[in-house]
Structure formats: structure tokens, C-alpha cells
Amino acid sequence: MKHKIIVTGGLGFIGSHTVVCLHEAGFEPIIIDNLSNSEASAMDGIEQLIGYKPIWANIDVNDKAALGNVIKEHQPQGVIHFAAFKAVGESVEKPLTYYRNNVGGLITLMEVLKEENIDNLVFSSSCTVYGEPDEIPVKESTQTKMAESPYGATKQIGEIILKDNANWLNTQCLRYFNPIGAHESGFIGELPIGVPNNLIPYLTQTVAGIRKELTVFGDDYNTTDGTCIRDYIHVMDLAEAHVFAINRLINGEQKEPFEVFNIGTGNGSSVLEVIQAFEKANGIPVPHKIGPRRAGDVIQVWAETTKVEHVLGWKAKRTLETMLKDAWNWQTKLS
Ligand code: WQD
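Residues numbered from 1 in each chain as written. Predicted model: local features only at pLDDT ≥ 70, side-chain atom pairs only at ≥ 80, totals over all residues. Heavy atoms only, no water.

**Student:** Give me the lowdown on the side chain of Arg230, citing residues and values where you can.
**Tutor:** Here Arg230 shows up in strand β9 (residues 229-230). Since its relative accessible area comes to 12%, Arg230 is described here as buried. Polar side-chain contacts of Arg230 include one of 2.8 Å to the backbone oxygen of Val298. Non-local contacts of Arg230, meaning those with residues more than four positions away in its chain, are made with Asn178, Asn267, Gly268, Ser269, Asp297, Val298, Ile299, Gln300 and Val301. (Helix = DSSP H or I, 4+ residues; strand = E, 2+ residues; numbered from the N terminus. Buried < 20%, exposed > 50% of the residue type's maximum accessible area, 1.4 Å probe, protein only. Polar contact = N/O pair within 3.5 Å; in protein donor to acceptor, adjacent residues only side chain to side chain. Contact = heavy atoms within 4.5 Å.)

Here's what the structure looks like:
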């Protein structure tokens with residue numbers, strides 16, 4: 001009998017890749033997704049990779065009755081909670097939507113887990129909880145600062161709520177850096193709805209001719225080339241980290257009920273460096289121009305990965321070149 005793992009947001013970018021990795025690790029993934037930031041077509045790609053379509057409940061995690069029915073029916077060994085809105089820039093424009101969906105959804109999920117005595121949760125957090133860090137690279141112990149966006153604030157609040165419930169809930173809190181790329185097959189990948197907020201999908205859509213030109217949001221920051229620096233991580237490396245985390249919980253290996261890990265590569269790349277790396281990896285120019293800064297942007301952040309490597313036993317394996325080749329391969333399959 002396979003352990004069932006519920007994946008909220010399981011048809012999304014990171015969620016769909018994690019569903020594939022969970023299957024490959026011997027779990028039965030159960031998907032909860034209301035398609036608010038994903039497409040049902042992701043299920044076809046998942047099926048091509050794992051040979052079947054996992055059970056999918058098309059419900060909103062804020063719908064407590066429906067969520068309770070799914071959890072009660074499946075009695076999972078654990079839950080991986082991705083379902084949240086995640087665009088930094090958009091959260092500045094729609095703060096209430098972000099607080100309702102991201103914080104409200106987590107609270108509803110936790111209430112149901114408590115009622116059903118499910119006590120293993122992997123939480124999708126973010127490097128945005130560090131705000132504009134004073135120290136680089138950031139450690140898990142780096143003092144978090146006032147988030148630079150409502151999105152980052154929803155993740156900070158989520159961590160506080162989970163810590164305050166450590167008496168009954170075991171949480172693996174994974175602070176993602178910048179997930180990019182796609183499964184090497186090109187069967188699953190990022191499906192931004194509308195105009196992409198994030199750098200890589202906007203970049204690949206520009207190269208594909210869907211967008212006219214990529215705008216670099218500011219080149220007057222205090223960095224090597226004036227553009228913001230991020231820790232870009234292959235979505236498959238990130239997905240694999242979730243299998244490490246759920247195994248740690250199920251095997252009772254966690255040392256604390258609330259454990260936090262930086263899920264990054266430990267390398268920082270500027271926007272211009274990413275553009276140059278894409279052009280080199282794929283041999284195609286990226287039409288781009290410099291534009292004004294974007295509200296909510298952190299200047300630079302990348303991960304210190306000692307803890308995740310030594311405690312969780314996970315390390316990112318894929319290079320920036322691979323990330324950008326896989327991102328372009330996925331885009332060409334979409335076009
Ligand atoms: C990256 C850089 C932009 C678009 C993301 C996720 C968030 C969190 C952290 C997980 C910035 C620049 C972007 C464009 C640009 N991940 N940019 N032109 O804001 O770091 O946040 O990673 O939780 O969920 O959204 O990522 O890709 O939007 O921006 O110049 O058209 O690219 O200014 O410097 P961000 P991003």
C-alpha cells in the first residue's frame with residue numbers, strides 16, 4: 001500500500017513537478033487544485049511521465065467542508081502545501097487577495113489537519129521572508145526583516161502560524177529561492193496565466209515572439225552590473241527537495257517540530273547574467289531593454305546551503321545552463 005501524500009496546488013508549476021517526483025519515490029500523490037493559477041492540461045503531462053492521472057480534487061483550499069472531505073477520505077501520511085498566489089509585483093497591486101488566499105488558505109488547511117489528526121506538513125515558503133537581507137548569502141538563522149511585498153508578508157505570517165502550532169503539527173518549512181526551468185521531457189513546465197510576472201517565462205515568451213521585448217526592471221541597483229541578483233534553482237531540484245522533506249517527516253527524523261531549510265543553489269545571478277546565460281545556452285538572442293525599477297523588488301538574495309545539505313541531506317544538482325535549456329525546450333513545446 002503506497003503512502004498517500006496530498007499536494008495542494010499540485011497542478012501548478014512546482015506542484016506538478018513534485019507530483020512526478022513523489023510518484024517516482026513510491027508515494028501516491030493526491031492533487032488538490034482549483035485551477036486559480038494553473039491549467040488542467042498539466043495533468044496530461046503528468047500522465048505522460050508517470051503513466052496515470054493521479055486523483056484530483058478540483059477544490060479551493062479555502063473551502064473547508066470540501067477540503068475536509070478530501071482529507072477524511074484519503075487519510076494522507078502528509079500534505080505538501082503549494083496552493084498560494086506567488087507573484088511579488090502582483091501582490092503589491094492586490095494585497096487583500098494575497099492575504100485572503102495565502103494566509104486564509106493555510107489556516108483552513110491547518111484546521112482540517114488538526115481535526116483529522118494529520119500532523120505532517122511541508123510548507124512552501126520563500127526567500128522573500130528575508131526582505132532585503134543585511135547578510136548575503138542568507139542562512140536560515142538570518143534575521144527576517146519586514147517583507148518587501150505582501151506576498152513575502154504572507155509567507156512570513158504563514159511561518160509564524162506554523163511555529164505557533166508546533167505542539168501538534170510537524171512542519172518542514174522550505175524557503176524557495178527562484179524556481180525556473182522545466183522537466184527535461186518538456187511534458188510539464190511553467191504555465192503562467194496572462195502576462196508573466198516572472199523573469200524566465202517572460203524571457204522565453206519574448207524569444208518565442210509572443211512578447212515584443214523583455215524589460216529589465218532597473219539597472220541602477222548597487223550590484224555588479226546594476227541589476228537585481230537572485231538564486232535561480234531548477235524546478236526539478238526544488239521538487240526533489242520536497243521528497244527529502246516528506247520522507248524526513250514520515251520517518252520521524254526531524255529534530256524539531258518546525259524545521260526550516262533554504263532551498264537554493266547557493267549561487268546568485270543578476271538579470272543581465274541570466275539573459276547572457278540564456279543566449280549562450282540556447283544560441284538565441286533575447287530582445288531586451290532597460291526599464292524602471294519594479295515595486296517590491298529585493299536588490300539581492302541568494303542562499304547559504306550548509307544546513308539543507310548537512311541536515312536534510314539535499315543539494316541542488318542542475319546548472320543555470322540546464323535550467324535555461326529546459327526552460328526554452330518547454331517554451332518550444334508550448335508554442
Ligand atoms: C526576478 C528578477 C525582477 C520580470 C520569485 C517568485 C516568488 C519567490 C521568489 C518563491 C527581479 C527581474 C522580472 C521581468 C525583470 N519564489 N525581472 N523583468 O520577484 O524574485 O520572485 O522568486 O516563493 O514566488 O515570484 O522573481 O522572476 O519576478 O524577478 O527584470 O519582466 O527579474 O526585477 O530582479 P522574484 P521574478
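**Student:** Can you lay out helix α7 (residues 199-207) for me, pointing to particular residues and giving the numbers?
**Tutor:** Counting buried positions over the 9 residues of α7 gives 8, a clear majority of the element. The set of residues buried in α7 consists of Leu199, Ile200, Pro201, Leu203, Thr204, Gln205, Thr206 and Val207. Those residues of α7 that are buried lie in contact with β7 (178-180), β8 (214-217), β10 (232-234), α9 (271-282) and α11 (320-334). Gly209, located one to two residues past α7, shows a positive phi value of around 90°.

**Student:** I'd love a proper account of the environment of Met110, names of residues and values included.
**Tutor:** Looking at where Met110 falls in the secondary structure, it is placed in helix α5 (residues 95-115). Counting along the chain gives 52 residues from Met110 to Leu162, while the straight-line C-alpha distance between them is 8.6 Å. Other than its neighbours up to four places away in sequence, Met110 contacts Ile161, Leu162, Asn165, Trp168 and Leu169.

**Student:** Requested: an account of the pattern of salt bridges, with residues and values cited.
**Tutor:** Applying the stated criterion across every chain, the model contains 19 salt bridges. A salt bridge links Arg318 to Asp237, with the shortest nitrogen-to-oxygen separation between them at 2.6 Å. Residue Arg318 is located in the loop between α10 (306-312) and α11, and its partner Asp237 is located in helix α8 (residues 235-250); the two are separated by 81 residues in the primary sequence. Of the residues examined, Arg318 reaches a relative accessible area of 23% and is grouped as partly exposed. Assessed through its relative accessible area of 0%, Asp237 is described here as buried. For Lys315, the salt bridge identified is with Glu309, shortest N-O distance 3.5 Å. Taking the relative accessible area as the measure of exposure, Glu309 reaches 25% and is therefore partly exposed. Connected via shared salt-bridge partners are Asp237, Glu240, Lys317 and Arg318. (Salt bridge = Lys/Arg side-chain N within 4 Å of Asp/Glu carboxyl O.)

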